[in-house]
Amino acid sequence: MSSPAFTTAAEGSVHDLPPRHIAVHPLTGHIGAEIEGPDLSRPLAPEVVEEIRAALLKWKVVFFRDQPLTHAEHVQLAGAFGAPTIGHPVFGFVEGFPQIYSVARDRFAGRHSGEPLIRPWTGWHTDVTAAVNPPAASILRGDVIPPYGGDTFWTNLATAYESLSPTLRGFVDTLRGVHSFSAPEGQAATDDFKEKNRRRPLVSEHPLVRVIPETGERVLFVSPSFLKRITGLSPRESQQILELLFEHITRPEFTVRFRWQKGSIAFWDNRTTAHLAPRDIYSLDFDRQLYRITLKGDVPVGVDGRPSTAIEGEPLDAFSAGTA
Ligand code: SIN
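Residues numbered from 1 in each chain as written. Predicted model: local features only at pLDDT ≥ 70, side-chain atom pairs only at ≥ 80, totals over all residues. Heavy atoms only, no water.

**Regarding the overall build of the chain**
Operational definition: Helix and strand definitions here come from DSSP, where helices need a minimum of 4 consecutive H or I residues and strands a minimum of 2 consecutive E residues; each element is numbered from the N-terminal end. Only heavy atoms enter the contact rule, under which two residues are in contact if any of them lie within 4.5 Å. Exposure was quantified through the Shrake-Rupley algorithm and a 1.4 Å probe, taking into account, for residues, occlusion by the shown protein chains and nothing else.
Along its length, the chain carries six helices and 17 strands. Put simply, 84% of the contacts in the chain that link residues at least 6 apart link residues at least 24 apart. Of the roughly 13,900 Å² that the chain leaves accessible, carbon and sulfur atoms contribute 53%.

The structure is reproduced here in structure tokens:
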């Protein structure tokens, strides 16, 4: 695999220094900070990029307000932090902007409406973990925002790992699991969803705990919508352990909730977080339209040094003309 395109701050550089070019306002004890200062529609100075990256490593998701970017500006912003992938390897991209994925209210029409939530963590996920190298980061931009409802949640998977008992940490350190895009438990997939999955199958095995190279942090890399089973356990053992871990990572104290406005941007470290797209919008009549760019990621490596493996599909590469 080629070297990762999500460039990260060198160890021991600006991580712990107070930023000088931006203001960072933490939002909770464990995750989320609002960043003030930069105009994201313009090319960013290297020191600003470095400070935003440091805030991202620390706070896992950072938010910006009043940044009404065009698609082209969004692509330029993403390029300052890494190499954008194709919008979505299975579900497509915005015409004319292959790096952008349209997060439209009804993009999976029929999947959500009226269907019961089987588990409170249904819908929580980390982006594209079915790929052997899930995106390092995602940059989501709000365009059409409902007057109320439609908030997104993120959770800090490093804090979730740290707050397990040492005995359970030792056990999950040894586990690996299979991730795929099949429809979440309890939800019927539309024919379109099934057909796209059939055409571009993606299935990978990842360690349940990955180590983040720049910080050495251990992260409980479980993505409730996509992690289907733990390798080597019986179905019942696998299901019960996953339920325990899914419930654990979605504990409210590990999370932050973001209220969108037009021009808001959420930029998250996709290696150390999971997020929950809103469901309340399906009982409201308002439209909601956001746009997302994901940055090429590394192949995760477990505590034992073993990398993830692809079961089906190709690694997610940086977008270049011809990839689409
Ligand atoms: C996503 O899952 O990337 C989109 C989140 C959202 O719609 O709030």
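**A few points about the site of the ligand**
As a reminder, the rule being used: The near set for a molecule or strand comprises every residue that places at least one heavy atom within 4 Å of it. Here a polar contact is taken to be a pair of N or O atoms separated by no more than 3.5 Å, where protein atoms must pair a possible hydrogen donor with a possible acceptor and residues adjacent in sequence count only if both atoms sit in side chains.
All residues adjacent to the ligand are Val 103, His 125, Asp 127, Leu 140, Thr 152, Trp 268, His 275, Ala 277, Pro 278, Arg 288 and Arg 292. Measuring from an oxygen atom of the ligand, one finds a side-chain N or O atom of Thr 152 at 2.5 Å. Note that an oxygen atom of the ligand is positioned 2.8 Å from one of the side-chain N or O atoms of Arg 288. Protein chains bury 99% of the 260 Å² of accessible surface belonging to the ligand in isolation.

**Looking at the sheet that holds strand β13 (residues 255–258)**
Put simply, the rule is: At least two bridges found by DSSP between two strands is the condition for calling them paired.
Strand order in the open sheet formed by four strands is β5-β15-β7-β13, with antiparallel pairing between adjacent strands. The outermost strands of the open sheet, each flanked by one partner alone, are β5 (124–125) and β13. Here four bridges tie strand β7 (residues 152–156) to strand β15 (residues 273–276), and the two strands are oriented antiparallel to one another. Each bridged residue has a counterpart across the sheet, and for Thr 155 the counterpart in β15 is Ala 274.

**With respect to the pairing of strand β1 (residues 23–26)**
Where β1 lies against strand β2 (residues 33–36), four bridges are found, and the strand directions are antiparallel. Its bridge partner being in β2, Ala 23 is matched across the sheet by Glu 36. Counted along the chain from β1 to the antiparallel partner β2, the turn is six residues long, and its residue Gly 32 has a positive phi close to 95°.

**Points about the packing of aromatic side chains**
Definition in use: A pair of aromatic rings is counted whenever rings of Phe, Tyr or Trp (Trp by its six-membered ring) have centres within 6.5 Å, and the orientation is called stacked for planes under 30 degrees apart, edge-to-face for over 60 and tilted otherwise. Accessibility here uses a 1.4 Å probe with only protein chains present; expressed as a share of the type maximum, an area under 20% marks a residue as buried, one over 50% as exposed, and anything in between as partly exposed.
Counting across every chain of the model gives nine aromatic pairs. Measuring from centroid to centroid gives 4.0 Å for Phe 63 and Phe 258, while their planes differ by 10°, and the two rings are stacked. Highlighted residues: Phe 63 in strand β3 (residues 61–64) and Phe 258 in strand β13, separated in sequence by 195 residues. Phe 258 matches Phe 63 in its accessibility class, with the two residues each being buried. Aromatic side chains Phe 258 and Trp 260 sit 5.0 Å apart centroid to centroid with 80° between the ring planes, which places their arrangement in the edge-to-face category. Considered together, Phe 258 and Trp 260 belong to a single accessibility category, that of buried residues. In this structure an aromatic cluster arises from ring pairing among Phe 63, Trp 154, Phe 258, Trp 260 and Trp 268.

**Regarding the pattern of salt bridges**
For the record, the criterion: Salt bridge, as used here: a side-chain nitrogen of Lys or Arg that lies within 4 Å of a carboxyl oxygen of Asp or Glu.
Using the criterion set out here, one finds 13 salt bridges in the structure. Lys 60 is the salt-bridge partner of Glu 217, the closest N and O atoms lying 2.9 Å from each other. With Glu 217 in the loop between β10 (209–211) and β11 (218–220) and Lys 60 in the loop between α1 (46–59) and β3, the pair connects residues that are 157 residues apart, well separated along the chain. A salt bridge links Glu 253 to Arg 251, with the nearest nitrogen and oxygen atoms 2.6 Å apart. Take Glu 253: its relative accessible area is 38%, and that puts it in the partly exposed class. With relative accessibility at 33%, the residue Arg 251 sits in the partly exposed group. Each of Asp 151, Arg 257 and Arg 259 takes part in a single network of salt bridges with overlapping partners.

**Focus: the pairing of β7**
Burial analysis of β7 places four of its five residues in the buried class, the great majority of the element. Of the strand pairs in this sheet, β7 and β13 are connected by four bridges, and their pairing is antiparallel. If you follow Trp 154 over to β13, its bridge partner there is Val 256.

**What to know about the nonpolar core**
This is how it is decided: Take the buried residues of types Ala, Val, Leu, Ile, Met, Phe, Trp, Tyr and Cys, join any two whose side-chain atoms come within 4.5 Å, and each joined set is a nonpolar core.
Counting residues in each nonpolar core, the largest one holds 25 residues, and the members touching the most others are Leu 44, Ile 52, Phe 64, Leu 77, Phe 81 and Phe 267. Those elements that provide at least two residues to this core are α1, β3, α2 (71–79), β6 (137–144), β14 (265–269) and β16 (289–295). It is α1 that contributes the most residues to this core, five residues altogether.

**Observations concerning the confidence of the model for the chain**
The following threshold applies: A residue's pLDDT is the confidence the predictor assigns to it, expressed on a 0 to 100 scale.
Mean pLDDT over the chain: 89, with 89% of residues reaching 70 or higher. A low-confidence stretch, residues 1–14 stays under pLDDT 50, and its non-local contacts, those more than four residues away or across chains, total 35 contacts.

**Things to note about the sheet that holds strand β17 (residues 309–312)**
Here is the rule: To get an axis, fit a line to the C-alpha atoms, keeping to the stretch in contact for a helix; angles then go from 0 to 180 degrees between the N-to-C directions.
Within the open sheet, the four strands sit side by side as β12-β8-β9-β17. Their pairing is antiparallel. A single partner strand is all that each edge strand has here, and the edge strands are β12 (227–230) and β17. This sheet shows a mean twist of 30° between the axes of neighbouring strands, independent of strand direction. Where strand β8 (residues 176–180) and β12 come together, three bridges link them in antiparallel fashion.

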